[in-house]
Amino acid sequence: VQLCDFVNLAASRKDWRRAVDVWRLLVEGHGVEPNIIAYTAMSKVHMLSGRILEAAQILAEVDDGVLNGDCKAVIDRAQILVVAGHSSPTPDNMEQLRN
């Protein structure tokens, strides 16, 4: 079982707190190295829980080369930035959407 499986289980329940607890336990506590699939899963749980800015922040932590090399991650980031720009059209959010 991988980190992303645990995070996706929390996402299916829209339980971002559980996902954060599991992430901290495995990544920070046991040194598990998250891959792009784990980052997109973590971002998804925040997005499904209505935490759009947190979802965007998770993907912002990923190296651009790694993120841009994964089609699903690119689509997820675009969706998050569109929703963030629409729900909170601050200059920062609009700039991120343009980039």
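Quick caveat: nothing in here was measured; it's all calculated off a predicted structure.

Points about the overall build of the protein
- Check the secondary structure of the protein and you find 7 helices and 0 strands.
- When its helices and strands are written in sequence order, the protein yields α-α-α-α-α-α-α.
- The globule rule puts the C-alpha radius of gyration for 99 residues at 13 Å, and the 13 Å found for the protein is close to it.
- Expressed along its principal axes, the backbone C-alpha trace of the protein runs to roughly 40 × 30 × 20 Å.
- Out of the 99 residues in the protein, the part that is buried amounts to 36%.
- Carbon and sulfur atoms make up 53% of the accessible area of the protein, which amounts to about 6200 Å² in all.
- Separation of charge centres in the protein, based on 10 positive and 13 negative side chains, amounts to 9 Å.

Some details on the side chain of threonine 40
- The topology assignment puts threonine 40 in helix H3 (residues 36–48).
- Look at threonine 40 and you get buried, because its relative accessible area is 7%.
- Beyond its immediate stretch of four places on either side in the chain, threonine 40 contacts Leu59, Ala73 and Asp76.

A look at helix H4 (residues 52–60)
- Buried residues of H4: Ile52, Ala55, Ala56, Ile58 and Leu59, and no others. Seen end-on, H4 carries its buried residues on one side only, within an arc spanning 155°. Relative to its buried face, H4 has exposed residues pointing more than 90 degrees away, namely Leu53 and Ala60.
- In this fold, the buried residues of H4 make contact with H3, helix H5 (64–68) and helix H6 (71–87).

With respect to the packing of aromatic side chains
- Counted according to the given criterion, the structure contains 1 aromatic pair.
- For the pair tryptophan 23 and tyrosine 39, a centre-to-centre distance of 5.3 Å together with 65° between the ring planes defines the contact as edge-to-face. Residue tryptophan 23 is located in helix H2 (residues 16–29), and its partner tyrosine 39 is located in helix H3; the two are separated by 16 residues in the primary sequence.
- Its end group placed over the ring of tryptophan 16, arginine 51 keeps NZ or CZ at 3.5 Å from the ring centre.

A short note on unusual backbone geometry
- Notably, lysine 14 is not glycine yet its phi reads approximately 55°, a positive angle.
- With respect to the secondary-structure elements, lysine 14 resides in the loop between helix H1 (3–12) and H2.
- Judged by relative accessible area, lysine 14 falls into the exposed class, the value being 53%.

Structural notes on the nonpolar core
- Ranked by internal contacts, the top residues of the largest apolar core, which has 27 residues, are Leu3, Val7, Ala19, Trp23, Met42, Val45 and Ile80.
- Residues contacting leucine 3, with those up to four places away along its chain left out, are Val22, Trp23, Leu26, Val27, Val32, Pro34 and Ala38.

The rules we used
Residues numbered from 1 in each chain as written. Predicted model: local features only at pLDDT ≥ 70, side-chain atom pairs only at ≥ 80, totals over all residues. Heavy atoms only, no water. Helix = DSSP H or I, 4+ residues; strand = E, 2+ residues; numbered from the N terminus. Rg over C-alpha atoms; globule rule 2.2 N^0.38 Å. Buried < 20%, exposed > 50% of the residue type's maximum accessible area, 1.4 Å probe, protein only. Areas by Shrake-Rupley, 256 points an atom, 1.4 Å probe, with all protein chains shown as cover. Lys, Arg positive; Asp, Glu negative; His and termini not counted. Charge placed at Lys NZ, Arg CZ, Asp CG, Glu CD. Contact = heavy atoms within 4.5 Å. Arc of directions from axis to C-beta. Phe/Tyr/Trp six-rings, centres within 6.5 Å; stacked < 30°, edge-to-face > 60°. Lys NZ or Arg CZ within 6 Å of the ring centre and 35° of its normal. Core = buried A, V, L, I, M, F, W, Y, C linked by side-chain atoms within 4.5 Å.

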